[in-house]
Amino acid sequence: MKRFAIAALILVSTLACTKSNIQYEPTGEISLQPVTEKATKAAFSGTAYGEGAPAFNVWAWWADVETGTLLDSFWGSEDRELYIMNGEFVHRGNGSWGGSTPYYWPTKGSVVFAGYSPSQTLGGTFDYEGQELTAQNYIQSTDISETVDLMWFDVTSRSYNTNSNQNSLGQTVNGVPVVFHHALSWLKFGFKLKAGVPQNWRITSVTLTGIAGRANFGSKSDPAWKDHWGNENVSVWNGTHMVTETSTVLESVPDGVVVIPQECAGNAANLVITYDLKKHLDLGADEWLRAQTITLPLDAGTDGGAWKPGKKYIYTIVFGENEIRIVPSVIDWDEQPNIDIEVQ
């Protein structure tokens, strides 16, 4: 019994020493540092993707290959598997984003990433083999206070296994650098008077008509958007605005007119402006002919009569001279022969 007790004490002592001497350093949390594609609420007007930007969703694939492996070689690896599936990433500060439930770097191999923003937008998915984001029946709200700037980033061109990387500018960043691309079209409408024209117009509403609010999206398809559905109106602005020589953008929500790219030629989509017209400059302030409307086509300046993904279209509507004028003409009297009328 004594020998057994001594042996047991030695074993316990050995286990205790072994346990206290092993040190385990967990791998770091995966973080991304995104930017938007270019200067383009709803639409991001700049390249920064930081404080105030929405959470986005991420897919990641792991392969037993060295970090920096180019994408084609990464996909060619036989030892490859899905690592993150539609995981939500939230802002952590300093431009870095991490999982709402943290994800950690694997101890070997490396990872490639893809994603879309914002996270609540769509039930989209990335096709593993085609390396393409797809979304079936994507819906963009016709309420411009609810519109979003749908963006995605393709599968990274190389693999990563650390947060310390260089972005496209050669700057060291604390995260995997990714670039979001805009999937939608951004519209803005400005209104002005032609120089020297009196202030005869008072706009009361601006409405887009014939807008398709639903379609299917594929980031590598041509075209990217197809199977459009819907013929809806989008209320751009309501109020009272006197048109002046200074162009003024009218929209109820700043940067909120973001639509699914679609055909706009052939009256597929129009801009309807409702306005009051002053009858005469010398009349009182309330002498207006109210609720006049004009319908304008929107295909000018577009790509073949269609709005394209990632493009911003700025329309300026110029109110010119429409003074009522009459151009008279005079014809000669047609003289008739004398007619004698006898009086009895």
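Definitions and cut-offs
- Residues numbered from 1 in each chain as written.
- Predicted model: local features only at pLDDT ≥ 70, side-chain atom pairs only at ≥ 80, totals over all residues.
- Heavy atoms only, no water.
- Phe/Tyr/Trp six-rings, centres within 6.5 Å; stacked < 30°, edge-to-face > 60°.
- Helix = DSSP H or I, 4+ residues; strand = E, 2+ residues; numbered from the N terminus.
- Buried < 20%, exposed > 50% of the residue type's maximum accessible area, 1.4 Å probe, protein only.
- Lys NZ or Arg CZ within 6 Å of the ring centre and 35° of its normal.
- Pairing = 2+ DSSP bridges.
- Salt bridge = Lys/Arg side-chain N within 4 Å of Asp/Glu carboxyl O.
- Core = buried A, V, L, I, M, F, W, Y, C linked by side-chain atoms within 4.5 Å.
- Contact = heavy atoms within 4.5 Å.
- Axes fitted to C-alpha atoms, helices over the stretch in contact; angles between N-to-C directions.
- pLDDT = per-residue confidence, 0-100.
- Polar contact = N/O pair within 3.5 Å; in protein donor to acceptor, adjacent residues only side chain to side chain.

**What to know about the packing of aromatic side chains**
Counting across every chain of the model gives 21 aromatic pairs. Consider the rings of Phe-89 and Tyr-103, whose centres lie 5.9 Å apart with planes at 5°: the pair is stacked. Note that Phe-89 is positioned in strand 3 (residues 80-93) and Tyr-103 in the loop between strand 4 (96-99) and strand 5 (110-117), a separation of 14 residues in sequence. Classification of Phe-89 by relative accessible area gives buried; the value is 0%. A connected cluster of aromatic rings, assembled from ring pairs, spans Tyr-49, Phe-56, Phe-89, Trp-97, Tyr-103, Phe-153 and Phe-180. Here the basic side chain of Arg-214 rests over the ring of Trp-229, its NZ or CZ set 4.9 Å away from the ring centre. The side chain of Lys-312 reaches across the aromatic face of Trp-186, ending 4.2 Å from its centre.

**Considerations on the pairing of strand 12 (residues 185-193)**
Most of strand 12 sits out of view: eight of its nine residues are buried. Sheet topology note: the strand 12/strand 18 (residues 258-259) ladder contains two bridges and is antiparallel. Bridging across to strand 18, Ser-185 finds its partner in Val-259. In terms of strand pairing, strand 12 meets strand 21 (residues 312-319) through eight bridges, oriented parallel. Bridge pairing in strand 21 links Phe-189 to Tyr-315.

**So, the pattern of salt bridges**
This structure, assessed with the given rule, holds seven salt bridges. A salt bridge links Asp-255 to Lys-188; its shortest N-O distance comes to 2.9 Å. Residue Asp-255 is located in the loop between strand 17 (248-249) and strand 18, and its partner Lys-188 is located in strand 12; the two are separated by 67 residues in the primary sequence. Each member of the pair, Asp-255 as well as Lys-188, is classed as buried. In the salt-bridge network here, residues are joined through shared partners; they are Lys-188, Glu-251 and Asp-255.

**Observations regarding the nonpolar core**
Membership of the largest hydrophobic core comes to 31 residues, with the highest contact counts inside it found for Phe-189, Phe-191, Ile-203, Leu-208 and Trp-307. Discounting residues that sit within four places of it in the chain, Leu-208 has contacts with Leu-187, Phe-189, Glu-232, Asn-233, Val-234, Val-236, Val-257, Asn-270, Leu-271 and Leu-298. If you look at the next biggest cluster of nonpolar residues, it comprises 27 residues, including Val-65, Phe-126, Trp-186 and Ala-215.

**Topic: the sheet that holds strand 4**
Read once around its circumference, the closed barrel built from seven strands follows the order 1-4-3-2-5-8-11, with strand pairing classed as mixed. Taking each pair of neighbouring strands and ignoring which way they run, the sheet shows an average axis angle of 35°. Here four bridges tie strand 3 to strand 4, and the two strands are oriented antiparallel to one another. Bridge pairing in strand 4 links His-91 to Trp-97.

**Digging into the sheet that holds strand 16 (residues 232-242)**
In space, the four strands of this open sheet follow the order 16-13-19-20, with antiparallel pairing throughout. Where the open sheet ends on each side, the last strands, each with one partner, are strand 16 and strand 20 (288-297). Put simply, the sheet's adjacent strands are angled 15° from each other on average, direction ignored. As paired strands, strand 13 (residues 201-211) and strand 16 are joined by seven bridges and run antiparallel to one another. Within strand 16, the position partnered with Ile-203 by the bridge is His-241.

**So, the confidence of the model for the protein**
Here the protein averages 83 in pLDDT, while 81% of its residues score no lower than 70. In the model of the protein, helix 1 (residues 2-21) stands out as the element of lowest mean pLDDT, 28, in contrast to strand 16, which has the highest, 97. Contacts from residues 1-25, a stretch scored under 50 in pLDDT, to residues over four places away or in other chains number zero contacts.

**Considerations on the side chain of Thr-69**
Along the chain, Thr-69 falls in the loop between strand 2 (56-63) and helix 2 (71-75). Among the polar contacts listed, one links the side chain of Thr-69 to the backbone oxygen of Glu-66, at a separation of 2.5 Å. Contacts of Thr-69, omitting those with residues within four sequence positions, involve Phe-74, Ser-157, Arg-158 and Ser-159.

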